[in-house]
Structure formats: C-alpha cells, structure tokens
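Examination of the molecular architecture
Listed below are the residues making up each chain.
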Number of protein chains: 4
Amino acid sequence: METIKIGIIGAGRIGRVHAENIAKFVPEMEIKTVADPYMSAETAAFLQRLRIPNIVSDADAILGDPEIRAVVVCSPTDLHAEYAIRSAQAGKDVFVEKPVDYRIERVKEVIDTAKKAGVKLQVGFNRRFDHNHRAVYEAVRAGKIGNVNLVKISSRDPEPPSIDYVKVSGGIFYDMMVHDFDMARFLAGSEVTEVFAYGAVLVDPAIGQAGDVDTAVVALKFENGAMGVIDNSRRAVYGYDQRVEVFGDRGAVMDVNDTPNNATLYGADGTVSGACYKIMWDRYTGAFAAEQKAFAAAVINGTETPVTGEDGLYPILIAAAAAKSLKEGRPVKISEIQ
Amino acid sequence: METIKIGIIGAGRIGRVHAENIAKFVPEMEIKTVADPYMSAETAAFLQRLRIPNIVSDADAILGDPEIRAVVVCSPTDLHAEYAIRSAQAGKDVFVEKPVDYRIERVKEVIDTAKKAGVKLQVGFNRRFDHNHRAVYEAVRAGKIGNVNLVKISSRDPEPPSIDYVKVSGGIFYDMMVHDFDMARFLAGSEVTEVFAYGAVLVDPAIGQAGDVDTAVVALKFENGAMGVIDNSRRAVYGYDQRVEVFGDRGAVMDVNDTPNNATLYGADGTVSGACYKIMWDRYTGAFAAEQKAFAAAVINGTETPVTGEDGLYPILIAAAAAKSLKEGRPVKISEIQ
Amino acid sequence: METIKIGIIGAGRIGRVHAENIAKFVPEMEIKTVADPYMSAETAAFLQRLRIPNIVSDADAILGDPEIRAVVVCSPTDLHAEYAIRSAQAGKDVFVEKPVDYRIERVKEVIDTAKKAGVKLQVGFNRRFDHNHRAVYEAVRAGKIGNVNLVKISSRDPEPPSIDYVKVSGGIFYDMMVHDFDMARFLAGSEVTEVFAYGAVLVDPAIGQAGDVDTAVVALKFENGAMGVIDNSRRAVYGYDQRVEVFGDRGAVMDVNDTPNNATLYGADGTVSGACYKIMWDRYTGAFAAEQKAFAAAVINGTETPVTGEDGLYPILIAAAAAKSLKEGRPVKISEIQ
Amino acid sequence: METIKIGIIGAGRIGRVHAENIAKFVPEMEIKTVADPYMSAETAAFLQRLRIPNIVSDADAILGDPEIRAVVVCSPTDLHAEYAIRSAQAGKDVFVEKPVDYRIERVKEVIDTAKKAGVKLQVGFNRRFDHNHRAVYEAVRAGKIGNVNLVKISSRDPEPPSIDYVKVSGGIFYDMMVHDFDMARFLAGSEVTEVFAYGAVLVDPAIGQAGDVDTAVVALKFENGAMGVIDNSRRAVYGYDQRVEVFGDRGAVMDVNDTPNNATLYGADGTVSGACYKIMWDRYTGAFAAEQKAFAAAVINGTETPVTGEDGLYPILIAAAAAKSLKEGRPVKISEIQ
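Residues numbered from 1 in each chain as written. Chains lettered and ligands numbered in written order. Predicted model: local features only at pLDDT ≥ 70, side-chain atom pairs only at ≥ 80, totals over all residues. Heavy atoms only, no water.

Some points on the sheet that holds strand 4 (residues 70-73) of chain D
Residues and elements named next belong to chain D. In space, the six strands of this open sheet follow the order 3-2-1-4-5-6, with parallel pairing throughout. Edge strands, defined here as strands with exactly one partner in the open sheet, are strand 3 (54-56) and strand 6 (121-123). Averaged over all adjacent pairs, the angle separating strand axes in this sheet is 20°, with direction ignored. Two elements, strand 1 (residues 4-9) and strand 2 (residues 29-35), share six bridges in a ladder whose sense is parallel. Bridging from a neighbouring strand, Lys 5 pairs with Glu 30 of strand 2. The strands touched by helix 1 (residues 13-25) are strand 1, strand 2, strand 4 and strand 5 (93-96); relative to strand 1, the strand with the most contacts, the crossing angle is about 165°. (Pairing = 2+ DSSP bridges. Helix = DSSP H or I, 4+ residues; strand = E, 2+ residues; numbered from the N terminus. Axes fitted to C-alpha atoms, helices over the stretch in contact; angles between N-to-C directions. Contact = heavy atoms within 4.5 Å.)

Structure follows, in structure tokens:
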C-alpha cells in the first residue's frame with residue numbers, strides 16, 4: 001500500500017475530526033503536521049495521542065515541507081480560499097472544507113489555481129459519502145430508476161446555530177442548504193438552472209432580526225428537465241432529519257432518516273422506536289472517514305477527486321440564486337448569478 | 001338508528017362505488033333511487049343486487065321525490081354544479097363529487113344556493129378519510145407537533161389518464177393536484193395565500209401536445225406563515241404513491257405509502273417487499289366508505305359537513321393560481337384569482 | 001354470477017360477523033335463513049337490516065329447507081359437530097367454525113359424514129385468509145424460499161378470556177394455539193409429527209388455578225424435516241400481535257404485525273407509531289370475509305374447500321400432543337394421539 | 001485519561017480485529033506486545049502499521065512483562081484456558097475469547113484461577129455490545145417491558161463453516177448457538193434451568209456426516225419462570241440475520257436485522273431494500289470495539305467486567321444440555337450437566 005504524508009491546517013472541531021478519522025481509518029495517509037495558530041494544550045494532547053509528530057502554530061511548516069504531498073484545509077471559513085490557493089501553489093493536492101468561500105470569484109480563483117498548479121482539489125461535501133445517501137446515489141447511477149424526474153430532499157437540524165454565526169455565515173442557503181444543493185446536483189446528475197425560494201422565520205425571531213430565515217422551501221429546475229424540492233429547518237426537536245428521494249421514469253429510490261439503533265418498544269402507551277441522532281458528528285461519522293478515504297485514493301491513484309472544485313462552486317451559485325429569489329420573490333436563473 | 005332515504009345521480013364508476021359503499025357500510029342511508037340517462041343493463045343488474053328499488057334514467061325522479069332527503073351527485077363533471085344546485089333548490093342535502101366545477105363562479109353559485117336553501121353541502125375529497133392521512137391529521141390537530149411549519153405531499157399515479165381526458169380535465173393542477181391542494185389546507189389548518197409552480201412533460205409528449213404537464217412541483221405559502229411542497233407525477237411505474245408529512249415546532253408526523261400487505265422476502269438477490277397498490281379504488285376503499293359515513297352523520301345530526309362547499313372552492317382557486325404561476329413563471333397570490 | 005342460498009345456524013358474535021360479511025362481500029351467497037334459539041330482539045333487528053328474510057329459532061328451518069344449499073355453523077362449540085353432521089346428512093355443504101370439536105373421534109365423525117354425503121366441508125381457520133399471512137404463504141408456495149427449514153409464529157392476545165371460558169375451552173393449546181398449529185401446517189406444507197411444549201402461568205394465577213397455562217412455547221417437528229416454534233401469550237398489553245415467518249434454503253419470508261395505520265410521530269420524547277389492534281374483529285376483518293368468499297367459490301365451482309375437514313382435525317391432534325407434552329415433560333409424537 | 005499497557009496473545013483473524021479496534025478506538029489501552037508463534041510477515045506488517053512496538057512469537061514476552069497489566073487471549077480455542085490461566089497467575093487482567101473452553105471443568109479452572117489471583121476476567125461475547133441488541137437489553141433492564149415472560153432469538157449465518165471446523169468445534173450448540181445462549185441469559189436477566197433441542201441436517205449432508213446438525217430450534221426455561229426460543233441455521237442465503245425480542249407483562253421490545261444501509265428502491269418489479277450483511281466482521285464492527293472499551297473501563301476503574309467468567313461458563317453448560325437433549329430426545333436440566 002502506497003502511503004503519503006499530509007498536513008492539516010486548522011485544528012478546530014472539523015480539523016480534529018479529520019485528523020482522528022485519517023489516523024484511524026485512512027492508513028494510506030500519514031499525518032505529518034497539524035498547524036493552528038490557536039492550538040490549545042488539550043487539542044495538542046489529543047493530536048499527540050493520534051501520534052502526529054509535528055504539532056505547530058504556523059501553516060508554513062506544512063506549505064514549505066517538500067515531504068508533504070497533500071493538505072487538508074480546516075481553517076476558519078474566511079481563510080479556506082487563501083490556504084487552498086497557497087497549498088496548490090506549493091504543488092500540494094488540496095482537500096478544502098466547505099464552503100470554499102462565499103464569494104464566487106474567490107471560489108473560481110481556487111479552482112483556477114489548482115488547475116494551473118496541476119493539483120487535485122476536493123471539497124468537503126461529506127454527505128455524498130453517507131452510507132444511505134450513497135446507496136440512493138448508486139441506485140440512480142446504475143439506472144435503476146431510469147431518467148431522473150424529481151429529487152426531494154429534507155434536511156433539518158436539531159438546533160439553530162448561534163446568532164453570531166448566523167450573522168456571518170451568509171444565511172441558511174449558504175451555510176445549511178448548500179449541502180442540499182450539492183446533494184441535489186449529485187443525485188440528479190444534472191446542473192440546476194433555476195431556483196425559487198420561500199423562507200420564513202418560524203424558529204427564532206432573533207434569526208429574522210439577524211437578516212436570515214430559519215425555515216425554507218426551495219424548488220429547483222435541472223438542465224435535464226427534472227425538478228427538485230428541498231426543505232430546511234434550523235430546528236427539529238426530534239434531532240437530525242435528513243432524507244433524500246429520487247423519482248424517475250422507471251422507479252423511485254429513497255432512504256429514511258438514520259437512527260442510532262433500530263430497537264422498537266411496544267407498550268400499552270404505544271409503539272416507540274429509537275430517537276434520531278442529536279449530534280451531527282455521530283450522524284455522519286462514517287461519511288467523514290469515507291470522504292478522506294476517497295481523497296487519499298484520488299491523490300495516490302492520480303484520479304479525479306469525487307467532489308471537485310466545480311462541485312464546490314455550483315452549490316454557492318445556487319445558494320446565491322436562492323437568496324436572490326427569496327429577496328425578490330421570483331424564480332432566479334443560475335445564469336443570472338455568474 | 002335514524003335512517004334517511006337518498007338518491008344517487010350518475011351511475012358511472014364513482015356512482016357505482018358510492019352506491020356499493022353506502023349499501024354495505026352506511027346502514028343509516030338507504031338508497032331509494034339511482035338515476036342515470038345512460039344506465040347499462042350491467043350497471044342496472046349491479047344496482048339491483050345492492051337491492052336498490054328504483055333504477056331510473058331521469059334525475060327528476062330523485063329531485064322531485066319528497067321522501068329523498070339527500071342526493072349524491074356523481075354525474076359527469078360538467079353537470080356537477082347543475083345537479084348540486086337543483087338538489088339544493090329542491091331542499092335536499094347534497095354530496096357532490098370533486099371538482100364541483102372548474103369555473104370558480106359556478107362553484108360559488110353552488111355554495112350560495114346551498115346556503116340560501118339551508119341544506120348541507122359536502123364535496124368528495126375522499127383522501128381526507130384515508131386511514132393513514134387521517135392519523136396524520138389527527139396528530140396535527142391534537143397539537144402533537146405544535147405549530148405547523150411545513151407540509152409535504154407526494155402524490156403519484158400509476159398511469160396517466162387518456163389524452164382525451166387530459167384535454168378536458170383542466171390539466172394536472174385541476175384534476176390531480178387538486179386533491180393535494182385540499183390535503184395541504186386540511187393538514188396545515190390554514191389557507192394557502194400564494195403558490196409557485198414548476199411543471200414539465202417527462203412522462204408522455206402527447207400530454208404536452210394537449211397543453212398540459214405531467215410532472216409538477218408546487219411550493220405553497222400559508223396564511224399562518226407555514227410553507228408547503230407538493231410533487232405530482234402522472235406515472236409511477238411502481239403504482240400509487242401517496243404520502244403526507246407535517247413538520248412543526250414540536251415535532252413531525254408523516255405516513256408512508258400504503259401497501260396491500262406487509263410481507264417481506266429475504267432472498268439471495270435482495271430484500272423484496274409487497275408491491276404498491278396499482279388501482280385507485282383499492283388504495284382508497286376505506287376512504288370512500290368513510291366519507292359517506294361522515295356525510296350521513298352530518299345530515300342526520302344536523303352538523304357541519306367535514307368537507308364544506310368552501311373546501312370545494314379553495315382547491316380550485318389554488319389550482320388556478322398554480323396554472324397561472326406555471327404559465328407566467330412567477331409566484332401567484334390566491335388573491336389574484338378571486 | 002351463480003348465486004346460492006345459504007343458512008346460518010347460530011347468531012352469536014361469530015354468527016353475526018359471518019352474516020354481515022356474507023351480506024356485504026359475498027354476493028354469490030344469499031342468506032335465506034338464520035336460526036338461533038336464543039335470538040335477541042337486537043340481533044334480529046341487526047339481521048333484518050342485512051335484509052335476511054327468515055330469522056328463526058329452530059335450525060330445522062334450515063336443515064329441512066331444500067332451497068338451502070350450504071350451511072354456516074356458528075353454534076356454541078359443543079354443538080358444532082352435531083349441526084355439521086346433520087347439515088351434511090341433509091345434503092348441504094358445510095362451513096363449520098373452529099374448533100370442530102375438542103374430541104378427536106367426534107371430528108373424524110364429521111369428516112366421515114361429509115365424505116359419505118358427498119358434501120363440501122370447510123373449517124373456520126380464518127387466519128389463513130389474512131392479507132399478510134396469505135402473502136407469506138403465497139411466497140412459500142411459489143418456491144421463493146425453496147425448501148422450508150423453519151416456521152416461526154408469534155401469537156399474542158390483548159386480554160385473556162374469562163376464567164369461565166378457560167375452564168371449558170380445553171386450554172390454551174385448544175382454544176388459542178390451535179390457530180397457530182393450523183398456520184404452521186399451512187405454511188410448512190407438511191404435517192407436524194412431534195411437539196414439545198413449555199408452559200407457564202405468568203399472566204393471571206387464576207388461569208393456573210383453572211388448570212391451564214397462559215404463556216406457552218411449543219417446538220414442532222414436521223414430516224419433511226423442518227422445525228417450528230410457536231409462542232403464545234394470553235395478554236400483550238400493546239394489543240394483538242401476530243406474526244409469521246418461514247425460513248428456507250433459498251430465503252426467508254415474514255410479515256410484521258398489522259396496525260390500523262402507519263403514521264409515525266417524531267417528537268422530542270421519541271418516535272411513536274400507531275398502536276396495534278386491540279379488538280380481534282378489527283384485526284381480521286378482511287380475513288373473515290375472504291374465508292366466506294372462498295367457501296362460496298368451492299361450493300359453486302365444485303372444488304375442494306381451502307380448509308378441509310382434515311385441516312380441522314390435525315390442529316386438534318397437535319393441541320392434544322402439546323397438552324400431553326406439557327403434562328409429561330417430554331416430546332410427544334402425533335402418532336401417540338391418534 | 002489513565003492508560004494501561006496490554007498484550008495480545010494470538011494474531012489470527014480475531015486477534016488482528018482486537019488489535020485494530022484497540023489501536024483505533026480504545027486510547028486508554030496501549031498495545032505493547034502481540035505474540036503469535038505463527039506470525040506471518042503480512043500480519044507483522046499490519047500490526048506495525050498500528051504502531052505496536054513489540055511483535056513477537058513467544059507469549060512469555062507478554063506474561064513475563066511487568067509493565068503489561070492486561071492480556072487479550074486470542075489463541076486457538078484449545079489454548080484459551082491455558083493462556084487465560086497463565087495470564088491470571090502472572091497477575092494480569094484477562095480478556096479471553098469465547099468459548100473459554102468446551103470442557104466445563106477447564107472453564108471453572110479459569111474462573112477459579114482468576115478469582116484466586118484477584119484479576120479481572122472478561123469473556124468475548126461481543127454481541128452484548130451490538131448497538132441494536134444493546135438497546136433492547138437496556139429497555140428491558142430499565143423496566144420498560146416489566147417482568148420478562150419470553151425471549152426470542154433468531155441467529156443465522158450466511159455460510160456454514162468448513163467441515164474441518166465442524167468436526168472440532170463441538171457442534172452448532174457450542175460454536176454458534178453459544179452466542180444465543182449468552183444473549184438469552186443476558187436479556188432475560190435470569191439463569192436457564194432447562195432446555196429442549198430439536199436439530200436437523202437441512203443445509204449440507206456433510207455436516208450430518210461430521211456428527212452435527214446445521215439447523216436447530218431450542219426451547220428454554222428460565223429460573224424466573226420465563227421461557228425462551230432460539231433458532232439457528234448455518235446458512236441463510238440472504239446473509240447474516242440476527243434478531244432478538246423480549247416480551248414481558250408490560251410490553252415487548254425487539255430489534256430488526258441490521259443492514260448496511262436503509263435505501264429502498266420502488267420499481268415495476270417490486271420494492272427492494274438493501275441486502276443484509278454478508279460478512280460477520282462488518283455486522284459486528286462496533287460491537288468488537290465496544291467490548292474492548294468496556295474491558296478497559298473495568299480494568300482501569302476496578303469494576304466488574306460486563307461479561308464475567310461465569311458468563312463464559314453458563315452458555316457452555318446450556319450448550320452441553322442442548323446437545324444432550326438433542327441426543328436423548330428429552331428436555332435436559334442444566335443441573336444434570338454440572
């Protein structure tokens with residue numbers, strides 16, 4: 001088994017998750033260095049237990065290390081593009097967390113830089129690697145449902161993020177539904193050409209005061225003639241609820257929400273089954289590991305990454321169109337955005 | 001048990017279904033007369049086996065019979081309003097099949113006539129009485145999910161209707177999604193104020209040539225701030241597929257598609273479970289009986305019918321708005337229609 | 001459609017159920033007469049609403065009526081055999097409720113009499129006609145699971161019968177598990193050759209004082225080498241619970257417990273789905289109608305009934321063996337019983 | 001976090017699984033040494049990738065190492081007891097794979113030795129840690145179903161083991177159903193007092209020629225009055241099938257078979273859902289990790305292990321009784337075995 005040395009920039013929550021998953025499940029990648037200017041003692045200890053040899057504050061220790069072949073960018077969002085570009089310029093393959101950036105030009109710059117540098121670029125749309133969604137995707141790609149006519153996605157979080165986050169995240173279409181825009185393209189196998197968005201403040205008035213909505217329904221048109229619907233809520237009291245469905249001229253394929261176990265209790269008061277996941281990291285444990293496994297394979301085998309830079313760009317375009325649609329109360333073409 | 005005598009106008013498919021259900025399951029209604037100008041010998045024999053004493057060609061035998069207290073109007077659609085109006089004018093309580101009429105003014109005329117005559121008016125939105133949809137509805141009304149934030153409805157037919165029917169039916173929003181517009185209002189407990197529609201011809205080009213679409217996605221806004229999504233397809237190769245879901249601030253309630261049995265086969269080639277219903281009358285057998293049972297209760301007890309004339313009107317308004325939205329490529333307010 | 005005239009002997013609970021089902025769902029059978037010496041005014045009124053012309057006290061009005069071609073015997077259990085025999089001797093096809101009799105010789109006498117008289121004999125094992133169990137059966141018979149290796153049946157009632165009933169019913173193996181013994185043979189397509197029974201009093205000590213057990217587990221051996229397990233409880237607080245499973249060398253097929261609806265509520269306190277049936281007549285509504293439909297077909301077409309006299313006998317033999325096994329603490333061969 | 005150094009004796013399939021799980025998921029245990037006299041170069045490389053420092057042939061390198069506090073015994077079955085005893089005598093806490101030994105006296109010797117030495121002893125009944133079975137167990141222990149009346153377990157393997165294995169394994173009750181005997185005690189919270197076994201050769205005649213059965217049904221009596229049923233088959237063509245159910249006086253709790261994903265395909269040919277697991281290590285991935293996590297907790301916190309030496313002994317006693325029951329055709333008390 002060929003192995004490569006990698007570096008991770010950023011040791012916040014997602015950086016630690018990737019570090020742990022790579023250390024445990026991706027033996028073909030060896031984490032040589034993790035860099036974070038705000039590395040806590042606790043985080044450093046955690047990384048040491050994973051036997052990562054270099055735990056540093058300065059990303060240059062990664063970018064300037066000729067032994068390091070690939071970089072996993074887990075910095076704060078506003079530095080994603082910068083580190084991705086610098087990694088590419090240093091000739092390193094790049095895995096960058098989503099969103100690459102909220103500014104479309106900046107995302108294109110990352111893509112262009114990676115292309116010019118001839119390096120791999122993978123964007124962290126981890127849900128493509130979820131075991132259930134993946135099985136739906138594979139059935140669609142295998143032609144089991146024929147041509148795609150409809151894509152339906154429900155995506156609801158257990159709790160809204162902090163208002164501080166809402167203020168800077170770009171809003172529900174950019175920080176939450178962006179996952180579903182990616183999933184919609186992924187499942188449909190076709191580009192979104194137009195969107196129409198409804199949104200409302202039904203969860204917390206403070207979200208509205210911050211200029212965002214917390215509940216949204218978006219209708220989509222795809223290039224191949226198919227249509228889609230996505231619904232999002234910032235708060236489902238019962239926990240994570242994420243389901244996808246694709247309907248075609250030869251059938252339909254769908255998953256149900258994932259749960260920690262499938263035990264069912266039959267009692268005098270009714271039939272009760274296991275609660276949904278309440279913590280995102282538990283819900284997508286396997287998906288985070290699988291996306292790094294796939295990144296390693298692309299890097300080592302020299303194949304295209306399964307979530308390209310364009311895959312990082314398009315959901316941002318759709319998010320922009322959805323935001324514009326909500327604001328202007330009319331359907332918006334993606335071509336209006338670019 | 002108080003029993004009343006009723007008449008049925010129209011002995012086509014739906015008239016025979018109502019006749020049979022009333023004869024079997026609604027002992028409080030006694031069918032005295034069925035009238036149809038095109039009564040076949042086979043239909044007459046069928047009705048005789050149900051022990052219906054008067055099988056006639058002329059509706060006047062019903063409208064002019066003082067013993068008959070209520071009329072079930074199952075005529076061709078373009079005569080629904082006329083017979084409903086004449087029944088009301090004759091002082092009889094009226095059950096009229098959906099759609100009351102495609103013309104909004106005509107529907108209002110039926111409602112007004114019934115009000116002036118002081119008779120009951122019930123419209124045949126049978127799906128409200130489906131055992132699964134009803135359980136969803138009851139959970140919502142019982143406050144189990146708190147305030148309604150989202151309503152999601154999927155509704156797909158096994159086979160498209162004939163092109164001849166498509167040409168006169170008013171189109172998918174009037175003849176098919178009208179059921180879902182009713183269900184959306186019913187589940188949300190609030191009026192639709194605006195709709196946005198996407199539609200496409202993905203099933204059969206002949207449907208497009210007839211001026212209709214065969215696949216549609218509609219987003220809804222409700223007066224109470226909630227939103228909705230409905231998807232329709234004229235052809236699901238796997239059979240009837242009808243599911244509803246309501247999401248609120250305290251939970252979600254949903255049903256799954258109904259199937260004739262729940263046996264599951266585990267074989268070397270995979271896990272296979274029972275096929276979906278292929279025939280609408282089998283899918284909604286219980287619902288058709290239950291709506292007549294409810295009509296009888298309203299007539300006998302003097303209570304409001306569970307599907308009023310207004311309940312017959314609003315889905316037509318929404319259908320008109322959806323058709324307009326599809327045509328004009330913009331969201332359309334219901335207030336633009338009236 | 002050929003129709004035949006029938007009589008029903010006994011208008012207790014099961015007699016009324018059969019009368020209603022035949023009147024509503026089996027147009028090929030016309031109920032001419034219902035006889036019951038203890039006919040209440042309420043029952044008579046109920047039967048009149050079904051438009052049954054002759055409501056009498058004396059069964060001879062049926063047995064001596066040359067127009068009546070078939071008899072449905074719904075008398076008290078201890079008169080099942082007598083009326084079945086007298087009906088057969090009168091040349092009438094016979095449907096007799098289960099158990100035919102608790103005495104094996106008496107059951108054989110019924111079978112012999114019917115054979116000599118050349119009349120049809122069907123025994124009321126209605127569960128064979130349940131939509132879910134039937135689908136399992138059909139998959140097995142269609143060879144979907146290959147050779148049968150195992151049959152598993154769970155059968156639990158919501159509430160125990162009265163102690164008075166327990167004292168005369170013959171016990172749990174005769175009045176409750178007898179259904180499962182029939183189902184086991186039906187699904188396995190092979191005769192039971194040996195049984196081993198465990199039983200305990202876990203529901204109500206009074207049942208033990210009456211000489212019975214209220215919870216039982218029985219292991220079965222079939223002639224074809226397969227094995228089976230059945231469990232019974234007199235009280236499942238959550239309602240009726242009846243599931244069957246057949247495992248073979250090419251797969252397995254099983255059903256899940258039937259429920260009145262499939263709506264599911266996701267709330268902060270967990271995921272709750274519809275309660276089970278609490279009333280047997282609701283659980284098996286369709287099965288009761290289907291068995292009469294099948295009886296009519298056998299009578300009219302001159303084909304074998306789907307539940308023959310032998311099908312009535314064998315479960316009694318197995319029940320006797322199970323009771324003996326429980327008493328003697330050893331496996332008992334069916335051949336020891338006959 | 002306190003960490004301890006451990007050694008693993010045996011680097012066959014299960015030894016490698018434990019090594020990998022401990023390395024990845026149990027940071028509180030540090031594997032210092034793995035010993036196997038038949039260590040292949042490939043296995044050594046695998047262990048090196050897990051960063052295990054000492055990879056040796058002689059178990060004495062573990063038993064004689066004062067730094068090593070606990071030993072995980074993964075040797076061939078016939079050496080389980082020897083290494084467990086030697087580890088205990090060396091003052092080390094012991095995790096020993098199941099079965100401890102097929103000879104009851106030998107198992108007792110292991111238990112006694114561990115007690116005298118004052119060391120922990122945990123037996124590798126990993127299924128107790130399966131997420132679904134565990135949820136069932138926890139519902140039972142939390143009193144959700146009241147008193148336990150019945151325990152039902154189905155356990156089927158995708159493929160029979162080699163005939164060579166069958167010849168030395170002690171047979172289906174010792175090498176396969178022993179897991180279910182453990183599960184039955186675990187779920188019932190009570191000891192088995194008597195068993196009755198039926199068995200047959202329905203999968204492969206060669207298994208019969210080797211003196212074993214390949215399909216078995218066992219009925220159980222528990223000390224607390226409850227009963228149980230277990231069915232096993234050496235070959236389910238559809239893959240692993242493992243389900244448990246506990247029925248009590250206040251309800252029932254059960255799980256369904258675990259599957260790799262929950263996607264469902266609705267097509268013209270039927271409704272198809274994901275295949276079952278085909279590989280045991282995939283089916284119980286999480287359970288193997290969780291049992292080591294639990295062992296580490298017991299060792300570090302000085303608490304009782306969750307699967308004690310007695311828990312290792314009782315299933316062997318039940319297996320012996322089941323084998324005797326099958327041979328002698330009668331129920332066998334556990335007290336006859338000891």
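Next, the rest of the story.
Description of the relation of the copies chain D and chain C
With an axial shift of 0.0 Å and an RMSD of 0.0 Å, the rotation relating chain D to chain C amounts to 180°. Seen this way, the second copy is the image of the first under a two-fold rotation axis. When each C-alpha of chain D is compared by its distance to the rotation axis, D:Arg330 comes out closest, at 2.8 Å. When the interface residues of chain D are mapped onto chain C, 100% of them again lie at the interface, so the same face is used by both copies. (Least-squares fit on C-alpha atoms with pLDDT ≥ 70 in both.)

Regarding the interface of chain D and chain B
Across the contact, ten residues belong to chain D and ten residues belong to chain B. Around 950 Å² of area is buried between chain D and chain B when both sides are counted, 60% of it from carbon and sulfur atoms. In terms of surface lost to chain B, no three residues of chain D exceed D:Tyr238, D:Tyr266 and D:Thr271, which account for 45% of the buried area on that side. Taken together, chain D and chain B are joined by zero salt bridges. The tally of links from chain D across to chain B stands at two residue pairs in polar contact (both at pLDDT 80 or more). Elements supplying a minimum of two residues to the side of chain D that touches chain B: strand 13 (264-267) and strand 14 (270-273) of chain D. Ranked by residue count, the leading element in the side of chain D that touches chain B is strand 14 of chain D, at three residues. Sheet topology places strand 14 (residues 270-273) of chain B next to strand 14 of chain D; three bridges connect them, and they run antiparallel. Bridge pairing in strand 14 of chain D places B:Thr271 opposite D:Ser273. (Buried area = accessible area lost by both parts, 1.4 Å probe. Salt bridge = Lys/Arg side-chain N within 4 Å of Asp/Glu carboxyl O. Polar contact = N/O pair within 3.5 Å; in protein donor to acceptor, adjacent residues only side chain to side chain.)

Considerations on the interface of chain D and chain C
Listed as interface residues are 40 residues of chain D and, on the opposing side, 40 residues of chain C. Carbon and sulfur atoms supply 68% of the area that chain D and chain C bury against each other, a total of about 3,100 Å² over both sides. A per-residue breakdown of the area chain D buries against chain C is headed by D:Tyr198, D:Met227 and D:Phe247, which together make up 21% of the total. Linking chain D to chain C there are six salt bridges. The residue D:Glu245 makes a salt bridge to C:Arg156 at a minimum N-O spacing of 2.8 Å. Connecting chain D to chain C are ten residue pairs in polar contact (both at pLDDT 80 or more). Here the side of chain D that touches chain C is composed, by residue class, of 20 nonpolar, nine polar and eleven charged. (Nonpolar A, V, L, I, M, F, W, Y, C, P; charged D, E, K, R; others polar.)

Digging into helix 12 (residues 285-301) of chain C
Residue and element names in this part refer to chain C. Taking 1.5 Å as the rise per residue, helix 12 with 17 residues should run 24 Å; its terminal C-alpha atoms sit 25 Å apart, in good agreement. Among all positions in helix 12, only Ala 287, Phe 288, Ala 289, Glu 291, Gln 292, Ala 294, Phe 295, Ala 296, Ala 298, Val 299 and Ile 300 are buried. Following helix 12 by one or two positions, Gly 302 adopts a phi angle in the positive range, close to 70°. (Expected span 1.5 Å × (residues − 1). Buried < 20%, exposed > 50% of the residue type's maximum accessible area, 1.4 Å probe, protein only.)

Regarding the relation of the copies chain D and chain B
Mapping chain D onto chain B calls for a screw motion: a turn of 180° about the axis and a shift of 0.0 Å along it, with 0.0 Å RMSD after fitting. When the interface residues of chain D are mapped onto chain B, 100% of them again lie at the interface, so the same face is used by both copies.

So, the pairing of strand 11 (residues 241-248) of chain B
Residue and element names in this part refer to chain B. Taken across its eight residues, strand 11 has eight buried, putting it largely inside the fold. Burial of strand 11 is two-sided: the residues Asp 241, Arg 243, Glu 245 and Phe 247 facing one way and the residues Gln 242, Val 244, Val 246 and Gly 248 facing the other way are all buried. Of the pairings in the sheet, the one linking strand 7 (residues 148-156) to strand 11 comprises eight bridges and is antiparallel in character. For Val 148, the partnering residue across the bridge sits in strand 11 and is Gly 248. With four bridges joining them, strand 11 and strand 12 (residues 251-254) adopt antiparallel strand pairing.

Structural notes on the side chain of A:Asp255
For A:Asp255, the position within the fold is in the loop between strand 12 (251-254) and strand 13 (264-267). Notably, A:Asp255 is buried but unbridged: the nearest opposite-charge side chain belongs to A:Arg283, and the N-O separation is 5.8 Å. Here A:His133 takes part through its side chain, which lies 2.6 Å from a polar atom of the side chain of A:Asp255. One polar contact links the side chain of A:Asp255 to the main-chain amide nitrogen of A:Val244, over a distance of 2.9 Å. Leave out the neighbours within four places in its chain, and A:Asp255 touches A:Asn132, A:His133, A:Val136, A:Gln242, A:Arg243, A:Val244, D:Asn262 and D:Ala263. (Lys, Arg positive; Asp, Glu negative; His and termini not counted.)

Thoughts on the pairing of strand 5 (residues 93-96) of chain C
Residues and elements named next belong to chain C. Every second residue of strand 5 is oriented toward a common face, with Asp 93 and Phe 95 on one face and Val 94 and Val 96 on the other, all of them buried. Here strand 4 (residues 70-73) pairs with strand 5 via four bridges, running parallel. The partner of Val 72 across the bridge, within strand 5, is Phe 95. Handedness of the β-α-β unit built from strand 4, helix 4 (residues 77-89) and strand 5 comes out right-handed. (Right-handed = clockwise from strand over helix to strand, strands pointing away.)

A look at the environment of C:Asn257
Tracing the backbone shows C:Asn257 in the loop between strand 12 (251-254) and strand 13 (264-267). The sequence separation of C:Asn257 and C:Glu105 amounts to 152 residues, and the corresponding C-alpha distance is 36 Å. Those residues within four positions of C:Asn257 in sequence are excluded, and the remaining contacts are B:Asn262, C:Tyr240, C:Asp241, C:Gln242, C:Arg243, C:Cys276 and C:Arg283. In terms of polar contacts, C:Asn257 uses its side chain to reach the backbone carbonyl oxygen of C:Tyr240, at 2.7 Å. Only 3.0 Å separates the side chain of C:Asn257 from the backbone nitrogen of C:Gln242, close enough to count as a polar contact.

Regarding the sheet that holds strand 4 (residues 70-73) of chain A
Residues and elements named next belong to chain A. Taken in spatial order, the six strands of this open sheet run 3-2-1-4-5-6, and their pairing is parallel. Each edge of the open sheet is held by one strand with a lone partner, namely strand 3 (54-56) and strand 6 (121-123). Sheet twist, expressed as the mean angle between neighbouring strand axes with direction ignored, is 20°. Sheet topology note: the strand 5 (residues 93-96)/strand 6 ladder contains three bridges and is parallel. Bridging across to strand 6, Val 96 finds its partner in Val 123. Lying on the sheet, helix 12 (residues 285-301) is in contact with strand 1 (4-9), strand 2 (29-35), strand 4, strand 5 and strand 6; it crosses strand 5 at an angle near 165°.

Looking at the packing of aromatic side chains
Enumeration over the complete set of coordinates arrives at 32 aromatic pairs over all chains. Here A:Phe25 and D:Phe25 contribute two aromatic rings whose centre-to-centre distance is 5.5 Å and whose plane-to-plane angle is 45°, an arrangement assigned as tilted. Within this pair, whereas A:Phe25 is found in helix 1 (residues 13-25), its partner D:Phe25 is found in helix 1, the two belonging to separate chains. Judged by its relative accessible area of 26%, D:Phe25 is partly exposed. Ring geometry for C:Tyr238 and D:Phe247: centres 6.3 Å apart, planes at 75°, overall edge-to-face. Highlighted residues: C:Tyr238 in the loop between strand 10 (227-233) and strand 11 (241-248) and D:Phe247 in strand 11 (residues 241-248), drawn from two different chains. In terms of burial, C:Tyr238 and D:Phe247 fall into one category: buried. Taken together, the ring pairs connect A:Phe196, A:Tyr198, B:Phe196 and B:Tyr198 into an aromatic cluster. The ring of A:Phe247 carries the charged tip of B:Arg156 above its face, separated from the ring centre by 4.5 Å. (Phe/Tyr/Trp six-rings, centres within 6.5 Å; stacked < 30°, edge-to-face > 60°. Lys NZ or Arg CZ within 6 Å of the ring centre and 35° of its normal.)

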